Amino acid sequence: MKKYLAAAVAVVMALGVMTGCSSSKTEEKAETPAEEAADDTVYKIGVLQLTQHPALDAANEGFVAALDEAGIKYEIDQQNASGDQPTCQTIAEKLVNDGNDIIYAIATPAAQAVAGLTKDIPVVISAVTDPAESGLVADNAAPGGNVTGTSDLTPVKEQIELLKQVLPEAKTVGILYSSAESNSVIQANMAKEACAANGLECQDFTVSNSNEIQTVVESMVGKVDAIYCPTDNTIANGMATVAMIANDNGLPTICGESGMVDAGGLATYGIDYYQLGYMAGEMAVEILTNGANPAEMPIGYLSADTCELSVNEETAAKLGIDVSSLQ
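Within each chain, residue numbers correspond to sequence positions counted from 1 in written order. Under the rules for a predicted model, residues below a pLDDT of 70 receive no local features and side-chain atom pairs below 80 are neither given nor counted, while totals for whole chains, interfaces and linings still include all residues. Think of the side-chain values as coming from all heavy atoms in the structure, minus any hydrogens and water.

## Considering the overall build of the chain
- In this text, helices come from DSSP runs of H or I with a minimum length of four residues, and strands from runs of E with a minimum of two, each type numbered from the N-terminal end. The helix and strand inventory of the chain stands at 13 helices and 11 strands.
- Only protein chains enter the calculation, and the probe is 1.4 Å; a residue is then buried if its accessible area is under 20% of its type maximum, exposed if over 50%, and partly exposed in between. Here the chain holds 327 residues, and the buried ones make up 48% of them.
- Carbon and sulfur atoms make up 50% of the accessible area of the chain, which amounts to about 15,500 Å² in all. Residue-level accessible areas treat just the shown protein chains as cover; the underlying method is Shrake-Rupley with a 1.4 Å probe.

## Re the pairing of strand β2 (residues 73–80)
- If DSSP finds at least two bridges between two strands, the strands pair. Examined bridge by bridge, strand β1 (residues 42–49) and β2 share 8 bridges and lie parallel to one another. Its bridge partner being in β2, Ile45 is matched across the sheet by Ile76.
- Handedness rule for crossovers: strands pointing away from the viewer, path from the first strand over the helix to the second running clockwise, crossover right-handed. Read as a crossover between parallel neighbours, the route from β1 over helix α3 (residues 54–70) to β2 is right-handed.

## Regarding the pattern of salt bridges
- One speaks of a salt bridge when a side-chain nitrogen belonging to Lys or Arg is within 4 Å of a carboxyl oxygen belonging to Asp or Glu. Counted by the stated rule, this structure contains 6 salt bridges.
- The salt bridge partner of Lys73 is Asp40, with a shortest N-O separation of 3.6 Å. Taken together, the residues span a long stretch of sequence, with Lys73 in strand β2 and Asp40 in helix α2 (residues 33–40) at a distance of 33 residues.
- The exposure class assigned to Lys73 is partly exposed, which follows from its relative accessible area of 42%.
- Here Asp248 and Lys318 are joined by a salt bridge, their closest N and O atoms 2.7 Å apart. Within this pair, whereas Asp248 is found in helix α10 (residues 239–248), its partner Lys318 is found in helix α13 (residues 313–319), the two being separated by 70 residues in sequence.
- Accessibility expressed as a relative area gives 53% for Lys318, which makes it exposed.
- Several salt bridges converge on common partners, so that one network encompasses Asp77, Lys94 and Asp98.

## A look at the state of the cysteines
- Counting rule for disulfides: a pair of cysteine sulfur atoms within 2.5 Å. Following the criterion strictly, the structure yields 0 disulfides and no others.
- Its sulfur unpaired, Cys229 is 5.6 Å from the next cysteine sulfur, which belongs to Cys255.

## Observations concerning the packing of aromatic side chains
- The pairing test for Phe, Tyr and Trp rings, Trp by its six-membered ring, is centres within 6.5 Å, and the orientation test on the planes gives stacked under 30 degrees, edge-to-face over 60, and tilted for anything in between. What the rule picks out here adds up to 1 aromatic pair.
- Relative to Tyr104, the ring of Phe63 lies with its centre 3.8 Å away and its plane at 10°, an arrangement referred to as stacked. Taken together, the residues span a long stretch of sequence, with Phe63 in helix α3 and Tyr104 in strand β3 (residues 102–106) at a distance of 41 residues. With respect to class, Phe63 is no different from Tyr104; both count as buried.

## With respect to the pairing of strand β5 (residues 147–151)
- Burial of β5 is extensive: 5 of the 5 residues sit out of reach of the surface.
- Across 4 bridges, strand β4 (residues 123–128) lies against β5 in parallel orientation. Bridged to Ile125 within β5 is Gly149.

## Notes on helix α7 (residues 182–197)
- Each residue after the first adds 1.5 Å to the expected span of a helix. Helix length check: α7 (16 residues) gives 23 Å between terminal C-alpha atoms against 22 Å at 1.5 Å per residue, within 8%.
- When we look at burial in α7, the residues that qualify are Asn183, Ser184, Ile186, Gln187, Ala188, Ala191, Ala194 and Cys195.
- Should any heavy atoms of two residues lie within 4.5 Å, those residues are counted as being in contact. On its buried face, α7 sits against α5 (108–115), α6 (156–166), β6 (172–178), β7 (201–207), β8 (226–229) and α9 (233–237).
- Phi for Gly199, located one or two positions after α7, is positive at around 70°.

## Things to note about the confidence of the model for the chain
- In this model, the chain carries a mean pLDDT of 89, and residues with pLDDT of at least 70 account for 88%.
- Per-residue confidence from the predictor is reported as pLDDT, which spans 0 to 100. Here residues 1–29 is a poorly scored stretch, pLDDT under 50, and it has 1 contact once near neighbours within four places are set aside; other chains count.
- Here residues 32–37 is modelled with pLDDT under 50, and outside its nearest four sequence neighbours on either side it reaches 1 contact, counting other chains as well.

## Here's the deal with the sheet that holds β5
- Ordered in space as β2-β1-β3-β4-β5, the 5 strands form an open sheet in which the pairing is parallel. Where the open sheet ends on each side, the last strands, each with one partner, are β2 and β5. Averaged over all neighbouring strand pairs, the angle between strand axes comes to 20°, with direction disregarded.
- Seen against the sheet, helix α12 (residues 273–290) touches β1, β3, β4 and β5 and runs at an angle of roughly 170° to β4. Here an axis means a line fitted to C-alpha atoms, over the contact stretch when the element is a helix, while the angle between two N-to-C directions is reported on a 0 to 180 degree scale.

## Some details on unusual backbone geometry
- Backbone geometry places Ala107, a non-glycine residue, at a positive phi of 95°.
- Along the chain, Ala107 turns up in the loop between β3 and α5.
- When its relative accessible area of 0% is taken as the criterion, Ala107 is described as buried.
- In the Ramachandran plot, Ala127 falls in the positive-phi region, its phi being about 60° despite a non-glycine side chain.
- When you line up the elements, Ala127 lands in strand β4.
- The exposure class of Ala127 is buried, given its relative accessible area of 2%.

## With respect to a negative patch on the surface
- Within this analysis, patches are made of residues with over 30% relative accessible area and no salt bridge. Like charges are joined at 9 Å or less; nonpolar side chains (Val, Leu, Ile, Met, Phe, Trp, Tyr) at 5 Å or less. By the counting rule applied here, Lys and Arg register as positive and Asp and Glu as negative, while His and the ends of each chain are not counted. Charge coordinates come from a single atom per side chain, which is NZ of Lys, CZ of Arg, CG of Asp or CD of Glu. A contiguous patch of negative charge on the surface is contributed by Asp68, Glu69, Glu282 and Glu286.
- Breaking the negative patch down by element, the ones donating at least two residues are α3 and α12.
- For Glu282, the position within the fold is in helix α12.

See the structure below:
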């Protein structure tokens, strides 16, 4: 750094003793009208979040942080469907009709609602387990349309292994998820394979909406030794109810993400949704400012080494489970 500074001073001194030189030579090159216009561009960004819970909130916050870090100017229309599918569809129609430059859709149902309405507006998605399997892109490695983004594919295999480690006596696992969410069906099938590999029997317990959570969880008592909840938006939104019933009846719950653990679940080994959203924000910036084509932008994934262990020690104490070996 010191060498560069000395060189700069020498150049300035040399210019000071030169005669007959036009002062315009030392002026910075003026920006072209096109560059000035680009600097002043204010992008319209629509955001559709399926529901409010810690994981999706973090994915939203990370996205906005990436926009701010990039220094672009934007107007953002934040919309939340509160977990209601008809509302989700209505909001998606509004965001498309408003002529946004880009739309950010958080969670599979929100992404499907937006993607089904436009083939022209770039759509960046996040918190979607398998975009290709959910019909959002042709291929996760080569989306091929106007949709790209980031996947929240969690280490389901490792989460079931965590369950086995913490609960070595468990024999039967109840897999609790919403049958209306394709991302949850995908994870449930992965969990079944992982249970089989670890010598565990498993049984599906599904809900179609949040009103069924209490009844379904109560029906699990006496039938299973533990509960596994994937990154299901309906269950995550009602995790306090799940935890209350499960913990009162001695049923440990291994979750898909840390927000569910904070709400009363026992433990998880999961991804950072803030970083997931930040990655999606970086993709949005590339599309808006550099003309990147979503069709050629592979779905992004967080690497396994970014996953973190989360344990609710209060829940562990209530259940009488020793989690000291996990710390």
